[in-house]
Amino acid sequence: MEELGEWVYYPWRKTLVHILSREHYIEVRTNRNKQKITQQEQELLSTKTIGVIGLSVGQSVALCIAMERICGKLKLADFDTVDLSNLNRLRAGVIDLGMPKVVLAAREIAEIDPYIDVEIYPEGIKAENYNDFLIGSAKLDLLVEVCDSFEVKVESRLKARENRIPVIMETNDRGMLDVERFDLDSSMDIFHGLAGDLSMEKVKNLDPVSKMGMLMKIVNADHLSDRMKSSLPEIGKTLKSWPQLASEVVLGGAVVAWASRKLLLNKEIPSGRYYIDLEKIIS
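Reading guide: rules and limits
- Residues numbered from 1 in each chain as written.
- Predicted model: local features only at pLDDT ≥ 70, side-chain atom pairs only at ≥ 80, totals over all residues.
- Heavy atoms only, no water.
- Helix = DSSP H or I, 4+ residues; strand = E, 2+ residues; numbered from the N terminus.
- Rg over C-alpha atoms; globule rule 2.2 N^0.38 Å.
- Buried < 20%, exposed > 50% of the residue type's maximum accessible area, 1.4 Å probe, protein only.
- Contact = heavy atoms within 4.5 Å.
- Areas by Shrake-Rupley, 256 points an atom, 1.4 Å probe, with all protein chains shown as cover.
- Lys, Arg positive; Asp, Glu negative; His and termini not counted.
- Charge placed at Lys NZ, Arg CZ, Asp CG, Glu CD.
- Salt bridge = Lys/Arg side-chain N within 4 Å of Asp/Glu carboxyl O.
- Pairing = 2+ DSSP bridges.
- Axes fitted to C-alpha atoms, helices over the stretch in contact; angles between N-to-C directions.
- Polar contact = N/O pair within 3.5 Å; in protein donor to acceptor, adjacent residues only side chain to side chain.

Peer 1: Even after reading the chapter, I still don't get the overall build of the protein, so can you show me in this structure?
Peer 2: Helix and strand counts for the protein come out as eleven helices and nine strands. For 283 residues, the compact-globule formula gives about 19 Å, and the C-alpha radius of gyration of the protein, at 19 Å, lands near that figure. Along the three orthogonal principal directions, the C-alpha set of the protein runs to about 65 × 45 × 45 Å. The buried share of the protein, taken over its 283 residues, is 47%. Restricting to contacts in the protein with at least 6 residues of sequence separation, those with at least 24 account for 64%. When the accessible surface of the protein is totalled, it reaches about 14,600 Å², and 54% of it is carbon and sulfur. The positive charge centre, built from 37 side chains, and the negative charge centre, built from 43, are 2 Å apart in the protein.

Right under this line is the structure:
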């Protein structure tokens, strides 16, 4: 029995686990996916690489992707560490405070499926490592951008467009899902042209007020929920950043995983902005 399968060591748990070999492990673990995901589709998805920028909302995205096993490789980027205000929406506890968010997500994925290749960028995404993140060891088949930085939102899309990589974003508020198919049309404006023809030079010259105005155009402020609108004036005062709820973050992870799976299987997922607004649907 000791010679069968593989032994996996989890140093953060000081635990050695005896598991099935790769082929058999994947076969058993994905058994309950069938036939919602066929064997042929599961094999195709295992060849895909997904990048996630932002591991607060992105943690739910990455975990849902890993559980469904809709890729063989994940690249995770976030410079931030877990703090107490994250515990309203992150799968983490007080023992994880101060831990890099990418490490937290990578450990949980490794405990679900040690055969998924996870590459982490704990320094976050920046000019020096964009090419490595987007192309590097494996070119991304899909970029999921769910970070707070306005500059990263813009630059990551410009770089993705150059490399014909599709981008998915989810904002939680009203279940807003945003899809940009740069793989199909690399001439389209980023953010569907809502903020005009943006460049990094323009972004760097914006003052904080102008930057917030631009961000409001991108998220289409008129379409924000009433409670989000009432929260905006409190950011930087009584709120550290955008308000987010665990239920909305988890729903967002599920929605992104669903859209990612369809896109990677070459199903029709057109560019556009979609709302899974439970307040509107269940009323």
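Once you've had a look at it, read on.
Peer 1: Would you mind showing me how to read the pattern of salt bridges here?
Peer 2: What the rule picks out here adds up to 16 salt bridges. The shortest N-O distance in the salt bridge between K153 and E145 comes to 3.0 Å. The same class applies to K153 as to E145, namely buried. Here the salt bridges do not stand alone but share partners, grouping E145, K153, R157 and E180 into one network.

Peer 1: So what exactly am I meant to see when it comes to the sheet that holds strand β9 (residues 272–275) here?
Peer 2: Hydrogen bonds between backbone groups are what pair the strands of a sheet, and the pairing can be parallel or antiparallel. Here seven strands make up an open sheet; going across it, the order is β5-β4-β3-β6-β7-β8-β9 and the pairing mixed. One side of each edge strand has no neighbouring strand; the edge strands of this open sheet are β5 (117–121) and β9. Across this sheet, the average inter-strand angle for adjacent strands is 15°, counted without regard to direction. Here four bridges tie strand β7 (residues 167–170) to strand β8 (residues 176–180), and the two strands are oriented antiparallel to one another. Considered in β8, the bridge of V167 is made with E180. Here helix α3 (residues 57–68) sits on the sheet in contact with β3 (49–53), β4 (73–77) and β6 (142–145), set at roughly 170° to β4. Packing against the sheet, helix α10 (residues 246–264) makes contact with β3, β6, β7 and β8, and its axis sits at approximately 165° to β7.

Peer 1: Whenever I open this one, the side chain of K75 confuses me. Can you help?
Peer 2: Along the chain, the position of K75 falls in strand β4. Polar contacts involving the side chain of K75 include one to the main-chain carbonyl oxygen of A138, which spans 2.8 Å.

Peer 1: For this particular structure, what's the right way to read the pairing of β8?
Peer 2: Within a regular beta strand, the side chains point alternately toward one face of the sheet and then the other, so they alternate between its two faces. The buried fraction of β8 is high, at five of five residues. Counted between consecutive antiparallel strands, the loop separating β7 from β8 contains five residues, among which N172 sits at a positive phi close to 75°. In the sheet, β8 pairs with β9 via four bridges, with the strands oriented antiparallel. In the sheet register, V179 faces β9, and the bridge partner there is G272.

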